[in-house]
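Chains, contacts and geometry: an overview
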Amino acid sequence: MSVPRITAVADGSAAQRFGLRAGDELLAVNGCAPKDVIEYQMLVDEPELSLDVRRDGMVLELEVHKQAGAPLGAQVDSALFDRVRTCDNHCEFCFIYQLPPGLRPSLYMKDDDYRLSFLYGNFTTLTRFTEADLERVVAERLSPLNVSIHATDPDVRAAMLRNRRGATSLRWLRALLDHGIEVHGQVVVCPGVNDGDVLEDTLAGVADEYPELASVCVVPLGVSRHTSEPRLRPHTTAEAAAVVEAVHEWQQINRRILGRRLVFAADEYYLLGGIDFPGPEAYEGFNMHEDGVGMAATLKMEFLGQADDVVGTRPGFFAWVDGAPASGYRAPRTDGSTGSTPIGLRPRKGAPVGVVTGEYGAAVLAPLVASLGRGDVRVVAVENRFFGGTTAVAGLLVGTDIARTLAGEPEGHRYLLPDVCLSQGMFLDGARPGDLPRPVEVVPTDGAALRKALDG
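Here is a short report on the structure shown in this document. (Residues numbered from 1 in each chain as written. Predicted model: local features only at pLDDT ≥ 70, side-chain atom pairs only at ≥ 80, totals over all residues. Heavy atoms only, no water.)

The next point concerns the overall build of the protein chain. A tally of regular secondary structure across the protein chain gives 13 helices and 15 strands. On C-alpha atoms alone, the protein chain measures out to a radius of gyration of 23 Å, which is about the 23 Å that the 2.2 N^0.38 rule sets for 456 residues. Principal-axis analysis of the C-alpha atoms gives the protein chain an extent of 65 × 60 × 45 Å. Counting over 456 residues, the protein chain shows a buried share of 52%. For the protein chain, the accessible surface area stands at approximately 19500 Å², while carbon and sulfur atoms represent 52% of it. (Helix = DSSP H or I, 4+ residues; strand = E, 2+ residues; numbered from the N terminus. Rg over C-alpha atoms; globule rule 2.2 N^0.38 Å. Buried < 20%, exposed > 50% of the residue type's maximum accessible area, 1.4 Å probe, protein only. Areas by Shrake-Rupley, 256 points an atom, 1.4 Å probe, with all protein chains shown as cover.)

See below:
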């Protein structure tokens, strides 16, 4: 078990007033050694705190007095202080298996930890979930959680996870729902494996066995050029359209039976199938926005000023490996600052603007940019050669591909880069914005921020 280290102490906070410093190692809070940032935050909510810290090799005891529930004002360096619960499934569609060699080691860590589901929105299969985990989730109300379903047929699910416990682990989903825990489900559809009749059976099983689920997203598998699985292949246009049709049919059934749609298709399916996106009302609050459901609709509303609130983009697939939550429980994938952040020299005022994004993002943004009627704004689509295959989302863009694309773009223009492709100021391939051949401005990944950057 590692010891959490204090990375920052807020000015004027209780932590600062009572002598806590950045660099201190936190051994215990009121005699308890916290296992993770969840327990840490619960412990430091108390008004009277006794902190055992190690500083320069010496163990000190600091007494802290504050109002109950008031923040301590100290940030720790990781989300989990004990060992990450790694994944013992061997799913052929797992994207971790499809990563190229040579990336930083943390990116190859497969987790199946319910705490990371709560903290970062990761999906857990529940194959390593235990009675003790259920007791903690229920007692501390660790909600919402995200659960990978993939198939409700036990044999199909066990085969997809390549883990015999996959046939029975959805019993924990039933237990979580019975205790009132909010759970969002996910079905990753693999052509020839769990599409067609299997998908129909799964959507029927969800409605029949788990109707209390907050939502279920149906997403296509991602296939990189580094996969070694012979069965993995992208959806055809017809297959993608069939998935959307099945989801729409079950939405209508669920509305009659449950009074809500329950299941939703990811935006990628509409793009793959050449189908128009449904209206905003069809997403019923955008519960699965961070999993790619309704991103296009919210971006359009934000861009056109039709949204009351900005949904933005939540932490992505690799968010948890690069540090603790910056504030609260969930950490933003940004360059570490807020707002539109210039990296390098800012081009002249009034210069033409290139909006840098992935190929899927370009398909969504191009008509929005065209609606402005401005000849000085264009969308710069970046082909993801690093991962290859079907990888086309902005969140998986790397510095190598962006650099190659920008090298062919004119100098002196403004280039806007979405913050979703950065984690702690770094691309997945280890490059940083300052390494790019053109200066870029890192902009929050939402339509309102993009429109403000363009107008400003």
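Turning our eyes to something else, we now look at the nonpolar core. Among the nonpolar cores identified, the biggest contains 100 residues, and Leu-51, Leu-72, Leu-173 and Leu-213 are the most heavily contacted of them. Leave out the neighbours within four places in its chain, and Leu-213 touches Ile-149, Leu-173, Leu-177, Val-183, His-184, Gly-185, Val-206, Arg-260 and Leu-262. One finds Phe-303, Val-369, Ala-453 and Leu-454 within the second-largest nonpolar core, a separate group that totals 16 residues. (Core = buried A, V, L, I, M, F, W, Y, C linked by side-chain atoms within 4.5 Å. Contact = heavy atoms within 4.5 Å.)

Within this structure, the stated rule accounts for zero disulfides. Summary of cysteine pairing: Cys-87 is not part of a disulfide, and the nearest cysteine sulfur, belonging to Cys-91, is at 5.9 Å. On the basis of relative accessible area, Cys-87 is assigned to the buried category, the value being 19%. (Disulfide = S-S within 2.5 Å.)

This part is about the environment of Leu-406. In this fold, Leu-406 is placed in helix α12 (residues 399-407). Separated by 31 residues in the primary sequence, Leu-406 and Pro-437 place their C-alpha atoms 6.6 Å from one another. Contact partners of Leu-406, with chain neighbours within four places excluded, come to Val-356, Tyr-415, Leu-436, Pro-437, Arg-438 and Val-440.

A few words now on helix α13 (residues 447-455). Buried within α13 we find Gly-447, Ala-449, Leu-450, Ala-453 and Leu-454. Buried residues of α13, viewed axially, fall in a sector of 165°; they line one side. The outward face of α13, more than 90 degrees from its buried face, is lined by the exposed residues Lys-452 and Asp-455. Where α13 starts, the residue carrying a side-chain oxygen 3.0 Å from the main-chain nitrogen of Ala-448 turns out to be Asp-446. (Arc of directions from axis to C-beta. Polar contact = N/O pair within 3.5 Å; in protein donor to acceptor, adjacent residues only side chain to side chain.)

This paragraph deals with the packing of helix α4 (residues 131-140) against helix α6 (residues 170-178). Between α4 and α6, the shortest axis-to-axis distance is 11 Å and the interhelical angle comes to 25°. Considering the angle they form, α4 stands roughly parallel to α6. The way α4 lies across α6 gives a crossing that is right-handed. Residue-level contacts link Glu-131, Leu-134 and Val-137 of α4 to Trp-172, Ala-175 and Leu-176 of α6. Within the contact of α4 with α6, the residues separate by chemical class into five nonpolar, no polar and one charged. (Axes fitted to C-alpha atoms, helices over the stretch in contact; angles between N-to-C directions. Parallel < 35°, antiparallel > 145°, perpendicular 65-115°, else oblique. Left-handed = near helix turned anticlockwise from the far one by under 90°. Nonpolar A, V, L, I, M, F, W, Y, C, P; charged D, E, K, R; others polar.)

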